[in-house]
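Each chain, written out:
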6 protein chains.
Amino acid sequence: MALKRSNGRDNRTLREVTIERGWSENAEGSALVSFGNTRVLCTASFQPGVPRWLKGQGTGWVTAEYGMLPRSTNSRMDREAVKGKVGGRTHEISRLIGRSLRAVVSYPELGENTIVIDTDVLQADGGTRTAAITGAYVALADAIAWAKKQGHVPEGAKVLIDEVAAISVGIVAGEPALDLDYNEDSTAETDMNVVATGRGLLVEVQGTAEGQPFSKDELGDLVDLALEGISTLVDIQRTTLAS
Amino acid sequence: MALKRSNGRDNRTLREVTIERGWSENAEGSALVSFGNTRVLCTASFQPGVPRWLKGQGTGWVTAEYGMLPRSTNSRMDREAVKGKVGGRTHEISRLIGRSLRAVVSYPELGENTIVIDTDVLQADGGTRTAAITGAYVALADAIAWAKKQGHVPEGAKVLIDEVAAISVGIVAGEPALDLDYNEDSTAETDMNVVATGRGLLVEVQGTAEGQPFSKDELGDLVDLALEGISTLVDIQRTTLAS
Amino acid sequence: MALKRSNGRDNRTLREVTIERGWSENAEGSALVSFGNTRVLCTASFQPGVPRWLKGQGTGWVTAEYGMLPRSTNSRMDREAVKGKVGGRTHEISRLIGRSLRAVVSYPELGENTIVIDTDVLQADGGTRTAAITGAYVALADAIAWAKKQGHVPEGAKVLIDEVAAISVGIVAGEPALDLDYNEDSTAETDMNVVATGRGLLVEVQGTAEGQPFSKDELGDLVDLALEGISTLVDIQRTTLAS
Amino acid sequence: MALKRSNGRDNRTLREVTIERGWSENAEGSALVSFGNTRVLCTASFQPGVPRWLKGQGTGWVTAEYGMLPRSTNSRMDREAVKGKVGGRTHEISRLIGRSLRAVVSYPELGENTIVIDTDVLQADGGTRTAAITGAYVALADAIAWAKKQGHVPEGAKVLIDEVAAISVGIVAGEPALDLDYNEDSTAETDMNVVATGRGLLVEVQGTAEGQPFSKDELGDLVDLALEGISTLVDIQRTTLAS
Amino acid sequence: MALKRSNGRDNRTLREVTIERGWSENAEGSALVSFGNTRVLCTASFQPGVPRWLKGQGTGWVTAEYGMLPRSTNSRMDREAVKGKVGGRTHEISRLIGRSLRAVVSYPELGENTIVIDTDVLQADGGTRTAAITGAYVALADAIAWAKKQGHVPEGAKVLIDEVAAISVGIVAGEPALDLDYNEDSTAETDMNVVATGRGLLVEVQGTAEGQPFSKDELGDLVDLALEGISTLVDIQRTTLAS
Amino acid sequence: MALKRSNGRDNRTLREVTIERGWSENAEGSALVSFGNTRVLCTASFQPGVPRWLKGQGTGWVTAEYGMLPRSTNSRMDREAVKGKVGGRTHEISRLIGRSLRAVVSYPELGENTIVIDTDVLQADGGTRTAAITGAYVALADAIAWAKKQGHVPEGAKVLIDEVAAISVGIVAGEPALDLDYNEDSTAETDMNVVATGRGLLVEVQGTAEGQPFSKDELGDLVDLALEGISTLVDIQRTTLAS
């Protein structure tokens, strides 16, 4: 029996997803991604050269940072810059985004170049990290295309070896549900973020029992559901990049 | 003789200015303001109550913070949260925005309530602080309207005693020019930010000789030019708030 | 065909695991846990009362922190206290340990009391976070027993609703392997940490493709292997606590 | 009608100003400046060479820092070193002092040398930033003279292209007043700091409406008054440096 | 045979010591103390009341902080506020000064009041911590006198149970020497700071072998020499406070 | 008349002292030292090369850091890494340990190599700094032996010019006592830490009057008692290193 969700969708349906490519004029690649009311600005900054400790190895570097505007959330959060430190959750998500994108990048093909991904949440309604990964892939692809046009990377280099997208799944009111919004996430018994490639292989699986621990079978069901959602997201990425 | 500006406008003309009211679903008031390619997201967070040291005085509190996304600029800046401290320029601008808005707020009419303004630069092309003040006024007005609807502030309270907007002026290539973009700002001999009210009175004047020091007459010309621009900005604010 | 591992064990075997209960004289509960050469000192500090924001709700609080001594590792790391900030990895692991232990604690049964878990790595050879969780459970159980003897918690309270332990698994040289040491972990294609209860239910699953992405089937195999290992760890916990 | 001021002076008169040149034995240039009870120790540290990012450009570097002793004020302030961060006001004033001095320095004439200005408030009674600029100019001049004697800078180099001094003005009790002390500053409706050169040209104008916004005419009156005061200050600087 | 010292004094003679009482108009007690070219501004801030954790115990609180202006030294040091942390040496000296003064204060006689001592080095030439303690005692005595006049402390309260002063001694060129200046300190084989009371009893002895370790007899000689010097300093304190 | 001490020992007797050499597998030298219930893990990290500012001078570098695990103490302390700064006491002790070890190291014999000592308190019951110095000497000696075997230091180099150990002494209940535990330390009138060499010469003497100031004679008695204790500690070090 289907979960009754606030916006009328059923358990296996994504929220409305849009990716506005090239939103920023300054960045080499950029995308404003929305998963329902969640809105994340993703930029990819291409910098010829690598940090000193990587020089001379013929290999590149991709890293990511995540942040939330103070009033992206329902009640205002203190600014991390003002608090003078990056919080644990921010650190954790930045690292996840970086690993996810690196999983589809060939460093030798990138050559001695650096790409810094920034994902900043303008409005939060659950799923900010999965939206960030999904949008960042588009920004990354555009930055690489830019670098080829500028001659920083050879035209034929296969820098991207696959696509990558991410979605959250969870057990809400006893049933598996796809792409949780903030309210669903707050009440989920189990909460999982899945990152996978265009070919349907897993890059990251992070599942947490918020209430009841879960069985191996439930894990399997959730992963299946997530892979379905990611397949749809990859289609949206392809359409966006083809436009 | 008019300065030839990159976008065809003359010395006394603003860039295209737009204010998208209610851009954020979470904040009590919000506006996405653009001065040409400069884009700033302004939110106003209304919180019943005041900090402890203000309690029992029947008076409110308005404060502001400013930030830039790392890739809002031409080349990526390090994130202040990562550096672990707020830079001098950020501090300076946050304080300017706060003072500017407080100049048109009646604390007794606001009552024991707090409004926190956040202005985050999504894309920077000069004039971010003046765009921030101009947009923040709209967000502030909407947050106050919200508070009246919710009964936190009496319907008839005259919380806003005037309007406020801001613009930059400068001496570029020897001539006074209005609303400098990044390139013009970088080459200006004198750079000035002016904040004024809807009635045309000055709230802040901050002029700096970047190259040649300037005379008292030049100061007067720049202020006149700024007041013209601010008058136009106030019209745009009025139109936006009337819509 | 079995992976040839440096210490002669096969793919499905844990390293030697020991738990020295009551290692610290000062803490209410403590354990020095070893997984092979990995050695983690776990203490549980029981404090009557809860933070102010929890008062009057009849519910307790369990939190955890993780740290590494600077020379626990092969080459010396800078001290986080000296750097003035907690790193992303440390944050991430502290949060994981806290969530894992909270999954088996009944807050209402704990009452308005706080338990702070500290897990400090004295020597690191892979699997520090899983050793930390496994040892911390023993320290936690002892701190609760202490609190019952002191009368802070009723003798019959069922504060612990299950046991909890954790292990790492990974795909090394193409095959699933249990309880990776540092060398194996560095070369693993996929690296997963699994936290589960004494009843064999999952609390956390965190899998990362370090090299090749992995299939849903591989995920299933790894989880099966981890659950076997955790079952052995829970036996060791039981023996330790019975002694 | 003249404002009745606590110390008997009229609206257009400075407080007693003294500049004790060479107060510090260690610095290349130094001055202890007093504006009434405000006392600021200014030192100029000459360092041959420039920061790495400036090397090879034949150009120098002048920068400034400002601080207050914790009990320079009426009630003790926390030490910024103890708080672990520089506050917004401190940042703002440091930047102002640096810009003001750079306005009269020719970098090519200075050559590849660095001068760091420190201005530390020993006792505060309003006008600390303007006293700091006025005293720092003397310290700067002496450091340059020292560098010429030592041969770091050619004897004939015209490093200083003008003099620079600063004063505060404000509208107090409805009338323009020069060089506000702490009590006057606290009650001023408009508060302005003006920095100008020995030739009477403006380097910085920073006016803020603390109470009522001000008209363009009031701005003009205040600037006139400030320029008068600065002219007197420059005379005192000249006398000091001639002694 | 006497050590030939740069300024002609012999081994057992202090540098010229002056204490300018009441140097600061804002602090309840203050003194500008000089030991030769070392100059330290000491202020004592009296605050009725104690920190929350001391309330209701009828007892007071005395604490101290130490700082150096960036160009108090021969070559400029970075500002601790800018570095964002207090260094180890600063911490160590602040704690020493606080302990030294507390040794002569009766908390019950002080009542529930707080005195914060600030000692800021304006010019450094060795012995800054001993000058700071010696001057701070005068500032402290004046702050207590002020508090009695204001009625915060009963007129007859014996808050100060003794006097306290401090001096450095060391083995320089093989011989014990009193009150080392910076050059002597840099070459001393053993360096010792001694704090003692007006009655000649020891409060702190901190001796360090910079080069050769020292014997128990040498320790005894150094302490004797220090007690002589402190006796002279206490005379100067008495004369200052009697004026 | 002898002080009655909690553990039956008399005033002139050390607690049980053990030094477990080679406790850590990763460090070049290590020792787990116990003074009664005080337990400190000491590691010495040998790194070929010196910091840049020392290069080319043919001289080495030895430094030390001290830390306490949060629950090494009776009630849990906050972690310094979490607070984001190293406290004054920690700084002070780190510096003392570093100076003490450097006093017996010949830098020219060490050559251009760095040794970093880490001393981390696993359990605290008074005397942690003296245990740390005593244990660190053993770790240091082993790291130097390792460096000779590896060829980083010539076999015949006399890097260690003496032994070094440390002990606390104090006046407890009116009588001198050796090696204070936490309870004794808390009630001591005078508290002194003494560091001396194998030959019985003093390296550091740090005495503090916690209650009554002390006379020069009392100082002498305490130093005598400490030198006796240190002589015993050096014997234990020799036995440990000979094993």
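These figures come from a predicted structure and were not determined experimentally. (Residues numbered from 1 in each chain as written. Chains lettered and ligands numbered in written order. Predicted model: local features only at pLDDT ≥ 70, side-chain atom pairs only at ≥ 80, totals over all residues. Heavy atoms only, no water.)

## Let's talk about unusual backbone geometry
Then comes step 1: Of note in this structure, A:Asp179 is not a glycine but carries a positive phi near 55°.
Then comes step 2: Assignment of secondary structure puts A:Asp179 in the loop between strand S7 (175-178) and helix H5 (182-187).
Then comes step 3: Despite not being glycine, D:Ala173 has its phi angle at roughly 50°, a positive value.
Then comes step 4: Tracing the chain through its elements places D:Ala173 in the loop between strand S6 (164-172) and strand S7 (175-178). (Helix = DSSP H or I, 4+ residues; strand = E, 2+ residues; numbered from the N terminus.)

## Side note on the arrangement of the chains
Then comes step 1: Contact between chain C and chain D is absent, and the minimum C-alpha spacing across the pair is 10 Å.
Then comes step 2: Of all C-alpha pairs spanning chain B and chain F, none lies closer than 10 Å, and the two are not in contact. (Contact = heavy atoms within 4.5 Å.)

## Observations regarding the interface of chain E and chain D
Then comes step 1: Between chain E and chain D, the contact holds 37 residues from the first and 37 residues from the second.
Then comes step 2: Of the roughly 2900 Å² buried between chain E and chain D on both sides combined, carbon and sulfur atoms contribute 46%.
Then comes step 3: In this assembly, chain E and chain D are joined by twelve salt bridges.
Then comes step 4: Of the charged contacts in the structure, one is a salt bridge between E:Arg76 and D:Asp118, with a shortest N-O distance of 2.5 Å.
Then comes step 5: There are 20 residue pairs in polar contact (both at pLDDT 80 or more) connecting chain E and chain D.
Then comes step 6: Elements that contribute at least two residues to the side of chain E that touches chain D include exactly strand S3 (38-48), strand S4 (61-68), helix H1 (80-83) and strand S5 (113-123) of chain E.
Then comes step 7: Counted by class, the side of chain E that touches chain D contains 13 nonpolar, 13 polar and eleven charged residues. (Buried area = accessible area lost by both parts, 1.4 Å probe. Salt bridge = Lys/Arg side-chain N within 4 Å of Asp/Glu carboxyl O. Polar contact = N/O pair within 3.5 Å; in protein donor to acceptor, adjacent residues only side chain to side chain. Nonpolar A, V, L, I, M, F, W, Y, C, P; charged D, E, K, R; others polar.)

## Details of the packing of aromatic side chains
Then comes step 1: The tally for this structure, following the rule as stated, stands at twelve aromatic pairs over all chains.
Then comes step 2: Both rings, one in B:Phe46 and one in B:Trp146, keep their centres 5.9 Å apart while their planes meet at 55°; by these two values the pair is tilted. With a gap of 100 residues between them, B:Phe46 in strand S3 (residues 38-48) and B:Trp146 in helix H4 (residues 128-150) connect regions that are remote in the sequence.
Then comes step 3: Cation over ring: D:Arg102 sits above D:Trp61, and NZ or CZ is 5.8 Å from the ring centre. (Phe/Tyr/Trp six-rings, centres within 6.5 Å; stacked < 30°, edge-to-face > 60°. Lys NZ or Arg CZ within 6 Å of the ring centre and 35° of its normal.)

## Observations concerning the UniProt feature "domain: Exoribonuclease phosphorolytic" (unreviewed entry) in chain A
Then comes step 1: The UniProt feature table records "domain: Exoribonuclease phosphorolytic" (unreviewed entry) at residues 14-143 and 163-229 of chain A.
Then comes step 2: In the segment residues 163-229 of chain A, helix accounts for 30% and strand for 43%; the C-alpha atoms at its two ends are 14 Å apart. (UniProt positions renumbered as here; feature names shortened; annotations may be inferred.)

## Side note on the interface of chain B and chain A
Then comes step 1: Contact with chain B, which involves 37 residues of that partner, is made by 37 residues of chain A.
Then comes step 2: Of the roughly 2900 Å² buried between chain B and chain A on both sides combined, carbon and sulfur atoms contribute 46%.
Then comes step 3: Counting the contacts that link chain B with chain A gives twelve salt bridges.
Then comes step 4: At the level of secondary structure, the elements contributing two or more residues to the side of chain B that touches chain A comprise S3, strand S4 (61-68), helix H1 (80-83) and strand S5 (113-123) of chain B.
Then comes step 5: Taken together, the residues of the side of chain B that touches chain A break down into 13 nonpolar, 13 polar and eleven charged.

## Details of the relation of the copies chain B and chain A
The operation linking the two copies of the chain is a rotation about an axis combined with a translation along the axis.
Then comes step 1: Expressed as a screw operation, the relation of chain B to chain A combines 0.0 Å of axial shift with a rotation of 180°, fitting to an RMSD of 0.0 Å. Viewed as a symmetry operation, the transformation between the two copies matches a two-fold axis.
Then comes step 2: Of all interface residues in chain B, 100% are interface residues in chain A too; the two copies therefore contact each other through one and the same surface. (Least-squares fit on C-alpha atoms with pLDDT ≥ 70 in both.)

## So, the packing of helix H2 (residues 88-102) of chain A against helix H2 (residues 88-102) of chain C
Then comes step 1: For the pair H2(A) and H2(C), the least separation of the axes is 8 Å and the interaxial angle reads 110°. Taken together, H2(A) and H2(C) sit at an angle that is classed as roughly perpendicular. Within the contact between the two elements, H2(A) uses A:Gly88, A:Arg89, A:His91, A:Glu92, A:Arg95 and A:Arg99 and H2(C) uses C:Gly88, C:Arg89, C:His91, C:Glu92, C:Arg95 and C:Arg99.
Then comes step 2: Within the contact of H2(A) with H2(C), the residues separate by chemical class into no nonpolar, four polar and eight charged. (Axes fitted to C-alpha atoms, helices over the stretch in contact; angles between N-to-C directions. Parallel < 35°, antiparallel > 145°, perpendicular 65-115°, else oblique.)

## A short note on the UniProt feature "binding site: phosphate" (unreviewed entry) in chain A
Then comes step 1: When the UniProt feature table is mapped to this numbering, "binding site: phosphate" (unreviewed entry) covers A:Arg89, A:Gly127, A:Thr128 and A:Arg129. Despite a sequence span of 41 residues, these residues sit close together in the fold, their greatest C-alpha distance being 13.4 Å.
Then comes step 2: With respect to the helices and strands, the residue A:Arg89 is situated in helix H2.
Then comes step 3: A relative accessible area of 30% places A:Arg89 in the partly exposed class.
Then comes step 4: Apart from the residues within four sequence positions on either side, A:Arg89 is in contact with A:Tyr66, A:Met68, A:Thr128, A:Arg129 and C:Arg95.
Then comes step 5: A polar side-chain atom of A:Arg89 sits 3.2 Å from a polar atom in the side chain of A:Tyr66.
Then comes step 6: The topology assignment puts A:Gly127 in the loop between strand S5 (113-123) and helix H4 (128-150).
Then comes step 7: Sequence-distant contacts of A:Gly127, that is, excluding residues within four places in its chain, are made with A:Arg15, A:Thr38 and A:Leu180. (Buried < 20%, exposed > 50% of the residue type's maximum accessible area, 1.4 Å probe, protein only.)

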